[in-house]
Amino acid sequence: MVSMLQWGCTMITFCPSSIFFLFRNRPQLYIISLAAAFAWLMSMLATGMFWSLVHLSGENVWPVTVIVAVLCQEAARFMFIYCFRRTETIIKNSNNYTVEMLPMNDLSTSLAAGIGFGTMHSLMMAGSLIAASGGEGALFEDSCPQIPVVLTVSLTALGFTILDVIFMVLGFVAERKRSNHLIAVVVVLHVAAALSTLANTIEYGCIASLLLVLTVVIISSGMLAWLSPMILRLHQ
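Computed from a predicted model, the values in this text were never measured in an experiment.

Asker: So what about the overall build of the chain? Which residues, and what values?
Answerer: Along its length, the chain carries 7 helices and 0 strands. Relative to the 2.2 N^0.38 estimate, which gives 18 Å for 236 residues, the radius of gyration of the chain is 19 Å and therefore close to what a compact globule would have. Each principal axis of the C-alpha atoms in the chain carries an extent, and together these give about 60 × 40 × 35 Å. Residues counted as buried form 44% of the 236 residues belonging to the chain. Restricting to contacts in the chain with at least 6 residues of sequence separation, those with at least 24 account for 79%.

The following block contains the structure:
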């Protein structure tokens with residue numbers, strides 16, 4: 001049973017990463033995914049450096065921790081987009097440029113980057129917990145006494161992976177359209193999703209946390225669907 005739980009949580013957490021198999025004919029997209037994953041790691045390094053310089057304590061430290069981490073992640077996301085755009089411009093302006101060098105558009109690039117960003121996010125969020133869940137028994141906590149912790153974390157990680165893909169697509173659109181409003185919307189939605197996980201600190205709060213993350217996913221997906229005609233026009 002525990003082994004089934006471990007495998008099930010692994011599939012839940014990393015099922016969006018199966019999109020990697022669609023990149024087999026475009027190795028450039030693998031490179032973009034790896035670069036985006038590295039960008040997420042750099043955001044965590046920046047977060048750690050911040051907390052090594054700023055020492056806070058007390059009950060209100062968790063919301064501040066979450067907001068700082070989100071801001072670092074969004075800074076890394078848009079820095080990645082900026083670096084990609086600069087690299088793309090340099091390659092296209094080179095004398096030896098051919099279409100085969102960059103056989104993709106913003107949509108495929110943002111999907112690949114979002115998968116890399118989100119997969120690394122999920123790996124750091126749930127990877128160690130899933131690896132430790134293969135033994136005898138399962139871990140429960142007061143916020144969710146009826147559901148194993150590894151399952152709630154896996155579901156949360158899945159939600160954030162989906163959000164990372166959506167936010168990356170919206171980020172590319174925001175950069176292309178020079179839309180500060182869309183950038184602000186991405187940041188606000190990410191902050192809302194991250195703060196919702198604080199419900200796990202209260203008794204029986206895991207259901208509320210999962211529902212709030214799901215709500216942000218639905219809102220973000222609706223925004224992506226609303227902008228999809230414009231996104232498709234940009235890539236025609």
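Asker: Can you tell me about the state of the cysteines, naming the residues and giving the values?
Answerer: Formally, a disulfide is one covalent bond, and it connects the sulfur atom of one cysteine to the sulfur atom of another. Across all of its chains, the model carries 1 disulfide by this definition. The residue that forms a disulfide with cysteine 144 is cysteine 206, at a sulfur-sulfur distance of 1.7 Å. Given an S-S torsion of about 45 degrees, the disulfide between cysteine 144 and cysteine 206 has right-handed geometry. Separated by 62 residues along the polypeptide, cysteine 144 in the loop between α4 (106-131) and α5 (149-177) and cysteine 206 in helix α7 (residues 206-234) bring together distant segments of the chain. By relative accessible area, cysteine 144 is classed as buried at 5%. No disulfide involves cysteine 9; its sulfur sits 12 Å from the nearest other cysteine sulfur, which is in cysteine 15. For cysteine 72, which is in no disulfide, the shortest distance to another cysteine sulfur is to cysteine 83 and amounts to 16 Å.

Asker: Can you explain the confidence of the model for the chain? Please cite residues and give values.
Answerer: Fine structural detail should not be taken from predicted coordinates in areas where pLDDT scores are low. Looking at the chain, pLDDT values average 86 and 92% of them are 70 or higher. Taken element by element, the predicted model of the chain shows its lowest mean pLDDT in helix α1 (residues 2-14) (84) and its highest in helix α6 (residues 180-196) (95).

Asker: Help me get a handle on the side chain of serine 196, residues and values and all.
Answerer: Looking at the secondary structure, you find serine 196 in helix α6. Judged by relative accessible area, serine 196 falls into the buried class, the value being 7%. Excluding residues within four positions of it along the chain, serine 196 makes contact with Ser209, Leu212 and Val213.

Asker: Pulling in residues and values, what's your account of the packing of helix α2 (residues 27-53) against helix α3 (residues 61-92)?
Answerer: A pair of packed helices is captured by two measures, namely the crossing angle of their axes and the spacing between those axes. With their axes 8 Å apart at the nearest point, α2 and α3 run at an angle of 140 degrees to one another. Taken together, the axis directions place α2 and α3 in an arrangement best described as oblique. In the packing of α2 onto α3, the handedness of the crossing is right-handed. Residues Ile32, Ala35, Ala36, Ala39, Trp40, Ser43, Met44, Ala46, Thr47, Phe50 and Trp51 of α2 form the contact with α3, whose participating residues are Val61, Val64, Thr65, Val68, Ala69, Cys72, Gln73, Ala76, Phe80 and Phe84. Class assignment for the residues of the contact of α2 with α3 results in 17 nonpolar, 4 polar and no charged.

Asker: Describe unusual backbone geometry, naming the residues involved and giving the relevant values.
Answerer: Backbone geometry at arginine 178 places phi at a positive 55 degrees, although glycine is not the residue there. Mapped onto the fold, arginine 178 is located in the loop between α5 and α6. Assessed through its relative accessible area of 64%, arginine 178 is described here as exposed. Positive phi, normally seen in glycine, also occurs at tyrosine 204, with a value near 60 degrees. Counting through the fold element by element, tyrosine 204 comes out in the loop between α6 and α7.

Asker: Requested: an account of the pattern of salt bridges, with residues and values cited.
Answerer: Following the criterion strictly, the structure yields 5 salt bridges and no others. For glutamate 74, the salt bridge goes to arginine 77, with nearest N and O atoms at 2.9 Å. Of the two residues, glutamate 74 and arginine 77 both sit in helix α3, 3 residues apart, roughly one turn of that helix. Note on glutamate 74: relative accessible area 3%, which makes it buried. The class for arginine 77 is buried, based on a relative accessible area of 0%. The salt bridge partner of glutamate 175 is arginine 178, with a shortest N-O separation of 3.3 Å. Of the residues examined, glutamate 175 reaches a relative accessible area of 18% and is grouped as buried. Beyond isolated ion pairs, a larger network of salt bridges with shared partners links Arg85, Glu88, Glu175 and Arg178.

Asker: Just give me the short version of the environment of valine 149, but keep the residues and values in it.
Answerer: With respect to the helices and strands, the residue valine 149 is situated in helix α5. Once residues lying within four places of it in the same chain are set aside, the contact partners of valine 149 are Leu129, Leu139, Phe140 and Glu141.

Asker: How would you summarise the environment of valine 68 if you had to cite specific residues and measurements?
Answerer: Within the fold, valine 68 resides in helix α3. Residue valine 68 is classed as buried on the basis of its relative accessible area, which comes to 13%. Setting aside chain neighbours within four positions, we find valine 68 in contact with Thr47, Phe50 and Trp51.

Rules of the game
Residues numbered from 1 in each chain as written. Predicted model: local features only at pLDDT ≥ 70, side-chain atom pairs only at ≥ 80, totals over all residues. Heavy atoms only, no water. Helix = DSSP H or I, 4+ residues; strand = E, 2+ residues; numbered from the N terminus. Rg over C-alpha atoms; globule rule 2.2 N^0.38 Å. Buried < 20%, exposed > 50% of the residue type's maximum accessible area, 1.4 Å probe, protein only. Contact = heavy atoms within 4.5 Å. Disulfide = S-S within 2.5 Å. pLDDT = per-residue confidence, 0-100. Axes fitted to C-alpha atoms, helices over the stretch in contact; angles between N-to-C directions. Parallel < 35°, antiparallel > 145°, perpendicular 65-115°, else oblique. Left-handed = near helix turned anticlockwise from the far one by under 90°. Nonpolar A, V, L, I, M, F, W, Y, C, P; charged D, E, K, R; others polar. Salt bridge = Lys/Arg side-chain N within 4 Å of Asp/Glu carboxyl O.

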